[in-house]
Amino acid sequence: MSPSNESNNKTAMRPRTALVRGGLHRSPLGETSEAIFLTSGFVYDDPEVAAARFSGDADGYTYSRLRNPTVAMFEERMALIGGTEIARATASGMAAVAASFLSQVKVGDHVVAGEALFGSIRVILEDVLPRFGVDLTMVNNTDLEAWKQAVQPETTLFFLESPSNPTLGITDLQAVADIAHNAGAKIILDNVFATPVLQRPVEFDIDITIYSATKHIDGQGRCLGGCILSDQKFLDDFLDPYLRHTGPALSPFNAWVLLKGIETLELRVEAACQNAQHVADFLAEQPGVTKVLYPGRQDHPQHTLAMRQMSAGGTLVSFELPGGRERAFAFLKALNLIDISNNLGDTKSLITHPASTTHQRLSPEDRAAQGIGEGLVRLSVGLEDADDLTDDIGQALAVAAL
Ligand SMILES: *Cc1c(COP(=O)(O)O)cnc(C)c1O
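The model shown is predicted, which means the values in this text are computed figures rather than measured ones. (Residues numbered from 1 in each chain as written. Predicted model: local features only at pLDDT ≥ 70, side-chain atom pairs only at ≥ 80, totals over all residues. Heavy atoms only, no water.)

By size, the foremost hydrophobic cluster in this structure holds 54 residues, and its most contacted members are F74, F319 and F331. Here this core gets seven residues from one element, more than from any other, and that element is helix α11 (residues 265-284). The residue makeup of this core includes at least three contributed by each of domain 1 (15-263) and domain 2 (266-401). Beyond its immediate stretch of four places on either side in the chain, F319 contacts L283, V289, K291, V292, F331, I351, G375, L376, V377 and L379. Membership of the second largest hydrophobic core comes to 26 residues, among which are F101, L117, I188 and F234. (Core = buried A, V, L, I, M, F, W, Y, C linked by side-chain atoms within 4.5 Å. Buried < 20%, exposed > 50% of the residue type's maximum accessible area, 1.4 Å probe, protein only. Helix = DSSP H or I, 4+ residues; strand = E, 2+ residues; numbered from the N terminus. Domains from an automatic or database assignment. Contact = heavy atoms within 4.5 Å.)

Now for the pairing of strand β5 (residues 135-139). Of the pairings in the sheet, the one linking strand β4 (residues 110-114) to β5 comprises five bridges and is parallel in character. Of the residues in β5, the one forming a bridge with A113 is M138. Regarding the hand of the β-α-β motif, the stretch spanning β4, helix α5 (residues 119-131) and β5 is right-handed. (Pairing = 2+ DSSP bridges. Right-handed = clockwise from strand over helix to strand, strands pointing away.)

Before going further, it helps to examine the site of the ligand. As a structural note, the neighbourhood of the ligand is formed by 13 residues, with M94, D190, S212, T214 and K215 the closest of them. Contact between the ligand and M94: an oxygen atom at 2.8 Å from a main-chain N or O atom of the residue. D190 places a polar side-chain atom, nitrogen or oxygen, 2.6 Å from a nitrogen atom of the ligand. (Near = heavy atom within 4 Å. Polar contact = N/O pair within 3.5 Å; in protein donor to acceptor, adjacent residues only side chain to side chain.)

We now examine the environment of L350. If you trace the backbone, L350 turns up in strand β13 (residues 350-352). Judged by its relative accessible area of 7%, L350 is buried. The spacing of L350 and I208 is 142 residues in sequence and 29 Å in space, taken between C-alpha atoms. When near neighbours in sequence (up to four residues on either side) are disregarded, L350 contacts I338, D339, S341, N343, L344, R378, L379 and S380.

A word on the domain arrangement of the protein. The domains assigned to the protein are domain 1 (15-263) and domain 2 (266-401). Look at where the C-alpha atoms of domain 1 and domain 2 centre, and you get two points 27 Å apart. The interface of domain 1 with domain 2 comprises 40 residues on the first partner and 37 residues on the second. Summed over both sides, the interface between domain 1 and domain 2 buries roughly 3100 Å², with carbon and sulfur atoms accounting for 55% of that surface. Across the domain 1-domain 2 interface, the total number found is five salt bridges. (Buried area = accessible area lost by both parts, 1.4 Å probe. Salt bridge = Lys/Arg side-chain N within 4 Å of Asp/Glu carboxyl O.)

What follows deals with the packing of aromatic side chains. In total, this model carries six aromatic pairs according to the counting rule given. Ring geometry for F234 against F238: centres 6.0 Å apart, planes inclined by 40°, an arrangement best described as tilted. Remark: F238 and F234 occur in helix α9 (residues 232-246); sequence separation between them is four residues, near one turn of the helix. Residue F234 is classed as buried on the basis of its relative accessible area of 3%. An angle of 85° between the planes, with centres 5.9 Å apart, marks the rings of F319 and F331 as edge-to-face. In this pair, F319 sits in strand β11 (residues 316-320) while F331 sits in helix α13 (residues 324-334), placing the two residues twelve residues apart along the sequence. Judged by relative accessible area, F319 falls into the buried class, the value being 0%. Given the relative accessible area of 0%, F331 is considered buried. (Phe/Tyr/Trp six-rings, centres within 6.5 Å; stacked < 30°, edge-to-face > 60°.)

Summarising the element assignment, N254 is placed in helix α10 (residues 252-263). Here L224 takes part through its backbone oxygen, which lies 3.4 Å from a polar atom of the side chain of N254. The residues touching N254, leaving out its near neighbours within four places in the chain, are C223 and L224.

So, on to unusual backbone geometry. The peptide bond linking S162 to P163 adopts the cis configuration, its omega dihedral lying at -5°. On the secondary structure map, P163 appears in the loop between β6 (155-161) and α7 (173-182). Cis geometry is adopted by the peptide bond preceding P166, which originates at N165 and carries an omega value of 0°. Assignment of secondary structure puts P166 in the loop between β6 and α7. Not every positive phi belongs to a glycine, and D205 is a case in point at roughly 60°. Along the chain, the position of D205 falls in the loop between α8 (195-198) and β8 (208-212).

With twelve residues, α10 should cover 16 Å at 1.5 Å per step; its first-to-last C-alpha distance of 17 Å lies within 8% of that length. Looking at α10, one finds that the buried residues are P252, N254, A255, V257, L258, L259, G261 and I262. Lining the buried residues of α10 we find α1 (15-21), α3 (69-82) and α11. Of the residues that open α10, the one with a side-chain oxygen 3.0 Å from the backbone nitrogen of F253 is S251. (Expected span 1.5 Å × (residues − 1).)

A few words on a nonpolar patch on the surface. A cluster of nonpolar side chains, contributed by I36, L38 and F253, occupies part of the molecular surface with about 280 Å² of accessible area. Of note, L38 is situated in the loop between β2 (25-26) and α2 (47-55). (Patch = residues over 30% accessible without salt bridge, like charges linked within 9 Å, V, L, I, M, F, W, Y side chains within 5 Å. Areas by Shrake-Rupley, 256 points an atom, 1.4 Å probe, with all protein chains shown as cover.)

So, in structure tokens, the structure goes:
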């Protein structure tokens, strides 16, 4: 009994429909919601079927490290939303990042990366890859000349985040993709902050996009997950052999949670963006706030570019308080509603102090070069009433005497 495909005509499905129905394969029982196939393996009617599936002569599942029906529904939906030929799910966002590098680099290769990086990605680039003979050059994310200058004959990969963490810098994706392709290199984008609904990397010739599905895609703080989107050729040549045989597979249960989360992704992200814009505008008017970084505001240094690449300013707002770490901590402690957490993309608003948490590992000089001062805080705006958020921020600024 093979699941039937209820997703019908894929090309006719608009994005909102794809979020709800993309990749849906119903079993013969006709369940409404996607089924959870919480099974590690599959059985065969006879040994010939098993042999044919192993040789690739017959379609069908064999073992959940390789393929699983619930995970496959999530992957198909992600590819439809991203507009790519394929998507492959992983157990976490970092498993996706690691796979996108380790599946394809070899000794002697050179990687160019934007320096504003999620902490664990920095460890992969600075500590893990060099042990396998892969060189790295870091550049200022928004400096196109620096990307050009960093290219070497051995350069095979570019990597960046836009918007970047935590200062929300915006890089001209098409321009950097052109530089990479002129150098014969591929480009990987971490699109976590923008989400697939605000920014479509394929429109800017990005070869490989990675997501931490832990963030907005689940969006409700429940489980870890990751995803890699690319063309079929990258899957066949590099990614598939790596994933099948190193095993960073997503649990079918988590895939199901993510399938449920993604149904409301656009609605949640749009509402959170509206809240974030409201909070950013409020912060900009507070005398105790020295700087507000929000791509949706006209005073953001790359506002025009942000609005060209993204359909809204995003769900994160970073801002700077005077008085260094002490006053920043006093502000965080005074918040009653907003939680202190390094996670992001949740329905609940979460705030973190990057210099002492996510970016603690950097030297003070590297932090200063990236604009991560002791007074900087990063707020992931959730779905609460925007006025409750500004009330909470306002009273905490007063308590911290900012
Ligand atoms: C969270 C995050 C990751 C890593 O994802 P996990 O699911 O935590 O492994 C990578 N990049 C960015 C920008 C993130 O926010």
